[in-house]
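Structural features, examined
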Amino acid sequence: MPLVPTRQIVDTARTRGVGACAFNVITLEHAEAIVAGAEAAVRPVILQISENAVKFHHGNVFPVAAAAAAVAAGAGVPVSLHLDHVQDVDLLHHAAAAGFSSAMFDASKLEFAANVRATGQAAAWAHDNGLWLEAELGEVGGKDGAHAPGVRTDPAEAVRYVGETGVDGLAVAVGSSHAMTARTAQLDHQLITELRDAVPVPLVLHGSSGVADDELGRAVGHGIVKINIGTILNVAFTRAVRDHLAADEKAVDPRGYLSLARAEIAAVVTRLVAALESPVAD
């Protein structure tokens, strides 16, 4: 099946009131596992490649994007390709040529006016080149833990931000944090509802690996549309590799443990995609 636009997957999920799952790709095995998991759930999926993943691949976006696109081409469900957390404008400007239909431009660490200016320029370029553009307002935390309430996304500011930048999707800070390995984050569902009612574009949740399935379901029920997931896949991947090597110290063929890691990721994807097909309304 040919790649589909991210806009199509996100808009369809928003119309249906379900979550559009976007999973991070680092290696070929990630892409294969994510697509296999989505096929088992018979649901569309977004393959995300972050700027950090591009750096891992020696700063060259084209090989990893081509590999992900090739996996998507053989999928039995709709798959799109998204370039995530881009800060390097030159990398953003390679997105269309590399086969991406969407990107997330990350100027969230800048002050509001500078964020608006940089993101507005990115959105204008993206739209001129046929890309759907996501951006972030507020600051989703990192490895040092969940962000403080004081940097959560303000609804009034969000309305102004979307209006002035022209972005197509808005990543919001509502209680999640990047790179969490424990699924203990508590989301601010009242804030999600207020943002949904205030902002005309789909809302995106980053740092979703640290959020339990039922919390993710509630988030979708309150207005989150695109759900970004990465770390939980790496936890499953690494656990499978570690267990295999611990059980067989003589193992040297990577196919033995990579096939197990790939299967573990696929199972996580299937579970999460299915969970977000039935959002919780409360």
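All residue numbers here refer to positions counted from 1 along the written sequence of the relevant chain. Per-residue local features of the predicted model are confined to residues with pLDDT of at least 70, and side-chain atom pairs are confined, for both listing and counting, to 80 or more; whole-chain, interface and lining totals are unaffected and use all residues. Values reported for side chains reflect all heavy atoms of the structure, with hydrogen atoms and water molecules removed beforehand.

**Remarks on the overall build of the protein**
Filter applied, for reference: Numbering of helices and strands starts at the N terminus; helices are DSSP runs of H or I of at least 4 residues and strands are runs of E of at least 2. For each residue, the accessible area found with a 1.4 Å probe, counting protein chains only, is set against the maximum for its type, and the residue is called buried under 20%, exposed over 50%, and partly exposed in between. We call two residues in contact when some of their heavy atoms are within 4.5 Å. Computed by Shrake-Rupley with a 1.4 Å probe, the accessible areas treat only the displayed protein chains as cover when residues are assessed.
When you go through the protein residue by residue, the secondary structure sums to eleven helices and eight strands. Counting the 282 residues in the protein, one finds 52% classified as buried. Partitioning the contacts of the protein with sequence separation of at least 6, the portion at a separation of at least 24 is 72%. Summed over all atoms, the accessible surface of the protein reaches about 11,800 Å², with 54% contributed by carbon and sulfur.

**Things to note about the pairing of strand 1 (residues 20–24)**
For the record, the criterion: For two strands to be treated as a pair, DSSP must find at least two bridges joining them.
Of all five residues making up strand 1, four are buried, and the element is well covered by its neighbours. Bridge count between strand 1 and strand 8 (residues 224–229): four bridges; the pairing is parallel. Looking at the pairing, Ala 22 lines up with Asn 228 of strand 8. Bridge count between strand 1 and strand 2 (residues 45–50): three bridges; the pairing is parallel. Residue Phe 23 lies in a different strand from strand 2, and its bridge partner there is Leu 47.

**Digging into helix 1 (residues 6–16)**
Applied cut-off: Directions are taken from the helix axis to each C-beta atom, and the arc is the one they span.
Buried within helix 1 are the following residues: Thr 6, Ile 9, Val 10 and Ala 13. End-on, the buried residues of helix 1 take up no more than an arc of 95 degrees, which puts them together on one face. Against strand 1, strand 2, strand 3 (79–86), strand 4 (102–105), strand 5 (132–137) and strand 8 lie the buried residues of helix 1.

**Points about the pattern of salt bridges**
Quick note on the threshold: Salt bridge, as used here, is a side-chain nitrogen of Lys or Arg placed within 4 Å of a carboxyl oxygen of Asp or Glu.
Applying the stated rule across the entire model yields eleven salt bridges. Among the salt bridges present, the one from Lys 55 reaches Glu 51, with a minimum N-O distance of 3.8 Å. With Lys 55 and Glu 51 both in helix 3 (residues 51–56) and four residues apart, the pair spans about one turn of that helix. Take Lys 55: its relative accessible area is 54%, and that puts it in the exposed class. In this structure, the salt-bridge partner of Arg 196 is Asp 197, at a minimum N-O distance of 3.0 Å.

**What about the packing of helix 2 (residues 28–41) against helix 11 (residues 254–275)?**
Filter applied, for reference: A fitted line through C-alpha atoms serves as each axis, taken over the contacting stretch for helices, and the angle formed by two N-to-C directions is quoted from 0 to 180°. Should an angle fall under 35 degrees it is taken as roughly parallel, and over 145 as roughly antiparallel, whereas 65 to 115 is taken as roughly perpendicular and any remaining angle as oblique. Should the near helix be turned anticlockwise from the far one by less than a right angle, the crossing is left-handed, and should it be turned clockwise, the crossing is right-handed. Amino acid classes used here: Ala, Val, Leu, Ile, Met, Phe, Trp, Tyr, Cys and Pro are nonpolar; Asp, Glu, Lys and Arg are charged; the rest, including Gly, are polar.
Where helix 2 contacts helix 11, the two axes come as close as 7 Å, and the packing angle between them is 40 degrees. In this view, helix 2 runs oblique relative to helix 11, as classed from their interaxial angle. Judged by the twist between their axes, the crossing of helix 2 over helix 11 is right-handed. For the pair formed by helix 2 and helix 11, the contact residues are Glu 29, His 30, Glu 32, Ala 33, Ile 34, Ala 36, Gly 37, Ala 38, Ala 40 and Ala 41 on the first element and Leu 258, Arg 262, Ile 265, Ala 266, Val 269, Thr 270 and Val 273 on the second. Residues of the contact of helix 2 with helix 11, tallied by class, amount to eleven nonpolar, three polar and three charged.

**Observations concerning the sheet that holds strand 7 (residues 203–205)**
Strand order in the closed barrel formed by eight strands is 1-2-3-4-5-6-7-8, with parallel pairing between adjacent strands. The sheet shows a mean angle of 25 degrees between the axes of neighbouring strands, direction not considered. In terms of strand pairing, strand 4 meets strand 5 through four bridges, oriented parallel. Within strand 5, the position partnered with Ser 102 by the bridge is Trp 132. Relative to the sheet, helix 4 (residues 61–73) contacts strand 2 and strand 3, its axis offset from that of strand 3 by approximately 150 degrees.

**A few points about unusual backbone geometry**
Although it is not a glycine, Val 42 sits at a positive phi angle of roughly 55 degrees. With respect to the helices and strands, the residue Val 42 is situated in the loop between helix 2 and strand 2. Take Val 42: its relative accessible area is 62%, and that puts it in the exposed class. A positive phi angle is found at His 85, which is not glycine, with a value near 50 degrees. By the element assignment, His 85 lies in strand 3.

**Here we look at helix 10 (residues 231–247)**
Cut-off, in case you're wondering: Any helix carries an expected span of 1.5 Å times its number of residues minus one.
Here helix 10 spans 24 Å end to end across 17 residues, near enough to the 24 Å set by a 1.5 Å rise per residue. Turning to helix 10, its buried residues number three or more, namely Ile 232, Leu 233, Ala 236, Phe 237, Ala 240 and Val 241. Tucked inside the fold, the buried residues of helix 10 contact strand 1, helix 2, strand 8 and helix 11.

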